[in-house]
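Read off the chains here:
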Amino acid sequence: MMRCGRFHYHAPRTLRDACAMLQDAGSDGMLLAGGTDLVPNMKRRQQTPKVVISLRHVAGLRDAGPDGNRVRLGAMLTLSDLTAKEEVRARHTALFKAAAQVATPHLRNMGTLGGNLCLDTRCNYYDQNYEWRKAINFCMKKAGEICWVAPSSRRCWAISSTDTAPALIALGAEVALATRDGERTLGVADFCRDDGIQYLTRNPDEILTQVLLPIPAPGESSTYWKLRRRGSFDFPVLSVAAWIRRPPEGRVEAARLVLGSVASRPVIAEAAAGLVGTTLSEDVIEAVAEEASRLAKPLDNTDFSLGWRKKAARYLITGALRELRGDDPQTLGPLARRAAELAPVG
Amino acid sequence: MSASGGVTPRAESRTRLSLRVNGEPVEVLFETYKTLLEVLREDLGLTGTKHGCELGECGACTVLVDSRPVLSCLLLAAECEGSHVRTVEGLAQGACLHPIQETFADLGAAQCGYCTPAMLMTACALLEKHPSPSRGDIRQALSGVLCRCTGYLQIFEAVEAAERRIRENSPGGSEGGG
Amino acid sequence: MSSRIAALDLQVVGKPRRRVDARAKVTGQTRFADDLFLPRMLHCKLLRSPHPHARIRRIDARAAVTAPGVKLVLTGVDLPIPYGILPVSQDEHALCLNRVRFVGDPVAAVVAVDEQTACEALDGIRVDYEPLPTIADPEEALTTPQPRIQPYGDGNVHKKVALQFGEVDAAMASADRVFEDIFFYEGSTHLAIEQHAALAAVDPDGKLTLWSSTQTPHYVHRALSRVLGISPAHIRVIATPNGGGFGGKSDPFNHEIVVAKAAMLLGRPVKICLTREEVFYCHRGRHPVLMKLVTGVNGDGRIVAMDLQTLLDGGAYGSYGVASTFYTGALQTVTYEVPRYRFRGCRVFTNKPPCGPKRGHGTPQPRFAQEIQLDKIAVALGRDPAELRKSQLAKPHALTANYMRIGTMGLGECIDRVVAGSGWKNKHGKLRFGHGVGLACSSYLCGAGLPIYWNALPHSGVQLQLDRSGRVAAFCGATEIGQGSDDVLANLVAEVLGIDPFDIRLVSGDTDLGPVDLGSYSSRVTLMMGHAALQAAERARDLIAQAVSASLEVPASRLVFAGRRVFDAEAPARGVSFAEAVQRGEAMHGTLGTTGSYTPPESAAKYKGGGVGPSPAYSYSACVVEVQVQPETGWVEVEKIWIAHDIGRSLNPVLARGQVEGSVYMALGEALMEEMAYRRLPRHLSGVLVHKFPSLLEYKSPTTLEMPEVITYLVENPDEAGPLGAKEVGQGPLLPVMPAVANAVYDAVGVRVDEVPITPEKVLRALGDRESRRCGPKSFPFIVWPEPLKVAPPWEGGDGTAVNEKPRRRKEGVLMSPDVVQPGLAPHPSTPEAGQKTESSESSPEMPEVLR
Ligand SMILES: Cc1cc2nc3c(=O)[nH]c(=O)nc-3n(C[C@H](O)[C@H](O)[C@H](O)COP(=O)(O)OP(=O)(O)OC[C@H]3O[C@@H](n4cnc5c(N)ncnc54)[C@H](O)[C@@H]3O)c2cc1C
Ligand code: SF4
Ligand code: FES
Ligand code: FES
């Protein structure tokens, strides 16, 4: 039986206490939300906190509701809580589809929105048991010297594998971070960093408390396509979040395209600008997909071969944009059906 | 450091906890590093809950915590203060099997039986929440538990048959577990 | 076929019923090995090698030995006697003696008060290794004889076999067309959800008991006796119900021996449960096999000769490998008529976990090759693939070129069923681009005709005990691994005695309480245990009938056993309850007990190597798969499967269907996504050879969302050789699925993927290769084959012996058998027994220094 190492456990009831404990614990401390990322990592000794501070009983972190022209979503809402919300499903399609495709129904009952945004980056050389990593003499991300994915590299290329972050970036969301001394907000895009080890701009003493999501104006729509080998369990090996604003029968006024799982952070595709002013004709979609897919520079640290993932990127982007144009994903082939699949039962 | 709340704040390695397990209040003292899976099996003698990876990758350890199927291998037991945990041992009412147990038994849904407790608990939660799920709903709901033996089809059929039985036996509504 | 069996009026058999162990399973009361907890129980963890190939220079375990809570540290020197499942490859050590051969090979064991403490203590063991060069794949093994992974074999070639039945070259030269193809079948693993676990305890009387999730308690029993040096009569092995086996729990394993030794030394129960990663290191799964298949056909596609070469990647140990090698050639002849046949197989050692038997043992690989090649032949000759197959089915009740004796043969009907059910005629070659159907067939054995240890003993035994309460107890060594062996036992006994299966108390999988059954492998249990059960039950029935006949004054031949009664067939009211009948029997004969046993008929294959393949009966399957392939990405979605299986007679249709669907499931995993992948880190930096990702997340087992609709047809054509006509169903239906998927992909998009798994990458690569329209291996390495043993097929006047074989003594017959061992705890002779060539794995006796 895989077991966690030994640690001290705290279960604060208030955010104040939680912040204080986190600060006191310093580099020994880690926050525990749903535990679906942290607990496996502790069992594999990738993360070895001496102090675990649980957010489960902290008041207020599960709240959700409107706040002016935005929606506040508490960091401790589980992904199932999120997908059960009719307004998320109806208005924030990309987030809904992203959350609904995380892992498995069971893991979505446990995993939280905050934990998903803070999810550790992933790599085939890193998400392994201690013994396995010992056999390769570890790697730069934990306890070793070298990066096995790119041995001459000075950085870690572990992959951002969160499903919700690309969706939230496409939707223009922000996060709120609290410390003992106060709170700050920043865009989800700025919350993420392109480094496999320091993959967040979060300070060690900050707690992610909420996600702030703009309420879509008329004409705005979004979607999220995820590529993985199986329809359940698997992390994304590639994902596409797309958002546009386009009045009925009109031209696209604004667009955002974000690729997930292609780097240590979600990558914003500037190519989306090419959609603006168009009616999303097939030519336009293909040109944008072609350009955006160049951002996908897969490395050999996740499922599927590199070359194929690159080809699939183009296909996925095309599909997502066609869906936003109004095409029925059911008509876009088996991969499309699957990528667009919803998980109705939580 | 001020730890508060129901969980006894201790610097030492053990945690004391009260929770409900299959409807009964339970108090247990256990090593803090343990997950609910370990405490159920090793400290409470409830070995009906299985494990196949202990990393969230198979679903065999599924139990219901406050009516939701979760993976007991990823849930620290310390997190369960005040929760109601339901395991396969609590499914039957006395000697009377739950309809889902009956149909699993009759329709070949358990081959080696190793994924069965997890499949049962997941299906039970599904039926409590969605009284008449479609085949697609069942597929989705059970997609978090791997079975290497059956190919799943007889499991789907057993869930459907249980749903019919529950519906026929209680015309007023669905049968709920506490 | 036999009208006698076909016409039987059966009460229990053939009715869809709840299996006898179902209640335990749905209430969570089935006790799997890791569910056992004993008072004072200790826990064991193994320290495993981080090197793929290295000499062990020194082990310093002092820090571990003195750690609080640690009770014992064991290393290789504590268990120096080698063992292995096959007598010819006794090449494993419970803990590596002086050399490790793959990442994960166990080196030391810690026993402590709890698992966490044992785990932490592993860090206190310092092992000094001297790394050795590694062998990663078969090509490398063929060209790199040094350093040798094992001291036996030839360089790093473990085994070469060559057999020839008839003048293959001449026939090939006379063929109208010759098709030559190369295929690769990737390795895969069983992935039973239950991880292997074992618990050992010293009984109050000083004997040893081991509970283990094993499919083969009998062979574990032998290995324990051998390695621990104690009489098998003082060892009891209890196979706990397996949480899935599929062949992965068929070898005696190091962890079983280690906990047994530890329990003996400490006098306390010791348990071990492997982690998922460790289960990957136990492996014994599907061999990766490269195949070259050359087939000559006449103008209408009938096979005139076949020439098959196989190259197996065996991993670091022998395991079942010699048998696996023969199996890659043995069953090619049982499906279609192959008048002349040459088979050459080669297994090599590599620095990876050992391969062994997985569902279908050695036969899915060549089946994949042959069924795709037949599809290619059909295309080339413009024939319908179903018709092509039907025109040349192997004949029932006949000997094949390699002397396999076929009984009933329901493949034709299987093909008809899936062709009709799937609408094949309207679909094959007729669906729009991107959609396709594929067909493939297969056959499988119902138990190996020869046991692992050649002897004259029964392969299975059943003992019944009846008492005046009407209770019947059935004892058998057979192992319940989920397939329903307990149900078969209860089913057949109940049928004969006219009672309900739930009336029977079952004791199985226990070497102390039941007669030997060789284990749950090679689809042997239903047939072999089934016969033993029938025999025991019939004997009991006869004893009871004799007594009832006397007291009711009805001739015994007129008595019917049914509905828990024994009565006069001509006057059903005239009878007694079953319990009353047993009482009369007990009064007449004294305590009632009977036995039954089964030994397979002698094989017609007398040549060396003919021991692998013969079976009392063969099952058959045919399958049609419908797919959708997306040309832009190569993504393959299996939409629906029709599968027909010739089961002889289905004893419990609910379970039979479950076996078929479960086989289809496992087959789809192999066809589309499962893969035992390894990687070697850049040589200049490390060179270490590791399993790419030993986890349940990255080893892709299909979920509910990948499972398509499956239509199952059970073709019932009772076979005289099976109990009440029954044949196997646990493995055969897996075989046709992979090639049917490949053939369907071809039908959908016109490209061939000649290897599994058929991933989107490969489909896309094939689509992109305008010339070959194919993805698959391009060459088969040059292998220096030995001169094949030449056996004339039956139709050329052969008698099953090889013309060029040196006369053999049946020396394999004298192997370790429990009855040659003196009773008492006297050490069992640790030297190999007389007459047996045992391969010990340590070439140099140089032992590491061990500090404790
Ligand atoms: C088999 C398996 C499959 C999975 N598949 C997917 C998948 O497909 N897609 C996907 O996105 N994820 C997947 N996951 C990962 C994980 O389940 C989800 O990302 C989940 O949402 C994580 O949330 P959590 O609450 O469980 O996080 P935790 O494990 O509790 O925390 C994750 C990290 O975030 C930190 N953290 C948590 N909350 C906060 C906070 N409020 N403030 C600051 N830091 C915080 C923790 O310290 C930790 O480092 C999978 C996991 C498993 C085991
Ligand atoms: S990208 Fe390199 S450094 Fe980062 S986890 Fe993978 S191997 Fe380690
Ligand atoms: S044991 Fe596999 S998910 Fe919990
Ligand atoms: S019944 Fe064996 S794993 Fe599901």
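Our subject is the structure listed above.
Quantities reported herein were computed from a predicted structural model and do not represent experimental measurements.

Some points on the site of ligand 1
Residues and elements named next belong to chain A.
Part 1 of the reasoning: Neighbouring ligand 1 are 36 residues, the closest being Leu-31, Gly-34, Thr-36, Thr-112 and Asp-163.
Part 2 of the reasoning: Within the backbone of Leu-38, an N or O atom sits 2.7 Å from an oxygen atom of ligand 1.
Part 3 of the reasoning: Burial of ligand 1 by the surrounding chains reaches 98%, relative to a free accessible area of 980 Å².
Part 4 of the reasoning: Taken together, the elements giving at least two residues each to the shell around ligand 1 come down to strand 2 (29-32), helix 7 (113-117) and strand 8 (207-214).
Part 5 of the reasoning: Of all the elements, strand 2 adds the most residues to the shell around ligand 1, at three residues.
Part 6 of the reasoning: In the shell around ligand 1, the residues fall into 20 nonpolar, 10 polar and six charged.

Considering the state of the cysteines
Part 1 of the reasoning: If you walk through the whole model with that rule in mind, you get zero disulfides over all chains.
Part 2 of the reasoning: Counting only cysteine sulfurs, Cys-282 of chain C is the nearest neighbor of Cys-273 of chain C, a cysteine outside any disulfide, at a range of 11 Å.

Observations concerning the interface of chain A and chain B
Part 1 of the reasoning: Listed as interface residues are 47 residues of chain A and, on the opposing side, 49 residues of chain B.
Part 2 of the reasoning: With both sides pooled, the region where chain A packs onto chain B buries about 3,900 Å², and carbon together with sulfur makes up 59% of that total.
Part 3 of the reasoning: For the pair chain A and chain B, the interface holds six salt bridges.
Part 4 of the reasoning: Arg-68 of chain B is paired through a salt bridge with Asp-81 of chain A; the nearest N and O atoms lie 2.8 Å apart.
Part 5 of the reasoning: Inspection of the chain A/chain B interface yields 14 residue pairs in polar contact (both at pLDDT 80 or more).
Part 6 of the reasoning: Residue assignment for the side of chain A that touches chain B shows that the elements contributing at least two residues are strand 1 (8-10), helix 1 (15-25), helix 2 (38-43), helix 3 (79-84) and helix 6 (105-110) of chain A.
Part 7 of the reasoning: For the side of chain A that touches chain B, the element with the most residues is helix 6 of chain A, which contributes five residues.

Here's the deal with the pattern of salt bridges
Part 1 of the reasoning: Enumeration over the complete set of coordinates arrives at 100 salt bridges over all chains.
Part 2 of the reasoning: Across the pair Asp-303 of chain A and Lys-700 of chain C runs a salt bridge whose closest N-O atoms are separated by 4.0 Å. Here Asp-303 of chain A, found in the loop between helix 11 (282-293) and helix 12 (306-325), pairs with Lys-700 of chain C, found in the loop between strand 27 (689-691) and strand 28 (709-715), and the two come from separate chains.
Part 3 of the reasoning: In this structure Lys-700 of chain C comes out as buried when scored by relative accessible area, which is 4%.
Part 4 of the reasoning: Arg-774 of chain C is the partner of Asp-754 of chain C in a salt bridge, and the nearest nitrogen-oxygen pair spans 2.5 Å. Here Arg-774 of chain C lies in strand 31 (residues 774-775) and Asp-754 of chain C lies in the loop between strand 29 (752-753) and strand 30 (755-756), a separation of 20 residues in the sequence.
Part 5 of the reasoning: We classify Asp-754 of chain C as buried; its relative accessible area is 0%.
Part 6 of the reasoning: Overlapping salt bridges bring together Arg-3 of chain A, Lys-34, Glu-38, Glu-42 and Asp-43 of chain B together with Glu-115 of chain C as one network.

Re empty space enclosed by the protein
Part 1 of the reasoning: Under the criterion given, the structure shown has 17 cavities of 30 Å³ or more.
Part 2 of the reasoning: Computed from the structure, the largest cavity encloses a volume of approximately 160 Å³.
Part 3 of the reasoning: Across the lining of the largest cavity, the residue classes tally to six nonpolar, four polar and eight charged.

Looking at the site of ligand 2
Part 1 of the reasoning: Surrounding ligand 2, one finds Cys-123, Tyr-125, Tyr-126, Cys-139, Met-140, Lys-141, Cys-147, Trp-148, Val-149, Cys-156, Trp-157 and Ala-158 of chain A.
Part 2 of the reasoning: Partitioning the shell around ligand 2 into residue classes produces 11 nonpolar, no polar and one charged.

A short note on the packing of helix 18 (residues 653-672) of chain C against helix 19 (residues 737-749) of chain C
For any two helices packed against each other, one specifies the inter-axial angle together with the distance between the axes.
All names here are of chain C.
Part 1 of the reasoning: Two elements in contact, helix 18 and helix 19, have axes whose closest approach is 8 Å; the angle formed by their N-to-C orientations is 50 degrees. In terms of axis orientation, helix 18 runs oblique to helix 19. Seen along the crossing, helix 18 lies across helix 19 with a hand that is right-handed. Across from Val-664, Ala-667, Leu-668, Glu-670, Ala-671 and Leu-672 in helix 18, the residues of helix 19 making contact are Val-737, Met-738 and Val-741.
Part 2 of the reasoning: Classifying every residue of the contact of helix 18 with helix 19 gives eight nonpolar, no polar and one charged.

Let's talk about the packing of aromatic side chains
Working definition: an aromatic ring pair is given by the centre-to-centre distance plus the angle between the planes.
Part 1 of the reasoning: This structure, assessed with the given rule, holds 18 aromatic pairs over all chains.
Part 2 of the reasoning: Plain terms: the ring middles of Tyr-130 of chain A and Phe-138 of chain A are 5.7 Å apart, the flat faces sit at 50 degrees to each other, and that makes the pair tilted.
Part 3 of the reasoning: With relative accessibility at 11%, the residue Phe-138 of chain A sits in the buried group.
Part 4 of the reasoning: Site record: aromatic cluster; members linked through ring pairs are Tyr-219, Tyr-320, Tyr-453 and Tyr-521 of chain C.
Part 5 of the reasoning: The residue whose ring lies beneath Arg-229 of chain A is Phe-304 of chain A, and the NZ or CZ to ring-centre distance is 3.9 Å.
Part 6 of the reasoning: The ring of Phe-37 of chain C is capped by Lys-271 of chain C, whose NZ or CZ atom sits 3.8 Å from the centre of that ring.

Here's the deal with the interface of chain B and chain C
Part 1 of the reasoning: Contacts between chain B and chain C engage 46 residues on the former and 53 residues on the latter.
Part 2 of the reasoning: Regarding the contact of chain B and chain C, the summed buried area is about 4,100 Å², with carbon and sulfur atoms giving 55% of it.
Part 3 of the reasoning: By the criterion of area lost to chain C, the three top residues of chain B are Gln-111, Tyr-114 and Arg-148 of chain B, representing 20% of everything that side buries.
Part 4 of the reasoning: One can count seven salt bridges joining chain B with chain C.
Part 5 of the reasoning: For Arg-18 of chain C, the salt bridge is made with Asp-106 of chain B, and the minimal N-O distance between the two is 2.7 Å.
Part 6 of the reasoning: In this structure, the connection of chain B to chain C is made through 28 residue pairs in polar contact (both at pLDDT 80 or more).

Calculation criteria
Residues numbered from 1 in each chain as written. Chains lettered and ligands numbered in written order. Predicted model: local features only at pLDDT ≥ 70, side-chain atom pairs only at ≥ 80, totals over all residues. Heavy atoms only, no water. Near = heavy atom within 4 Å. Polar contact = N/O pair within 3.5 Å; in protein donor to acceptor, adjacent residues only side chain to side chain. Areas by Shrake-Rupley, 256 points an atom, 1.4 Å probe, with all protein chains shown as cover. Helix = DSSP H or I, 4+ residues; strand = E, 2+ residues; numbered from the N terminus. Nonpolar A, V, L, I, M, F, W, Y, C, P; charged D, E, K, R; others polar. Disulfide = S-S within 2.5 Å. Contact = heavy atoms within 4.5 Å. Buried area = accessible area lost by both parts, 1.4 Å probe. Salt bridge = Lys/Arg side-chain N within 4 Å of Asp/Glu carboxyl O. Buried < 20%, exposed > 50% of the residue type's maximum accessible area, 1.4 Å probe, protein only. 1 Å grid on protein atoms, 1.4 Å probe; cavity = no way out; pocket = protein on both sides within 12 Å on 5 of 7 lines; lining within 4 Å. Points joined across faces, edges and corners; volume = space filled by probe spheres on them. Axes fitted to C-alpha atoms, helices over the stretch in contact; angles between N-to-C directions. Parallel < 35°, antiparallel > 145°, perpendicular 65-115°, else oblique. Left-handed = near helix turned anticlockwise from the far one by under 90°. Phe/Tyr/Trp six-rings, centres within 6.5 Å; stacked < 30°, edge-to-face > 60°. Lys NZ or Arg CZ within 6 Å of the ring centre and 35° of its normal.

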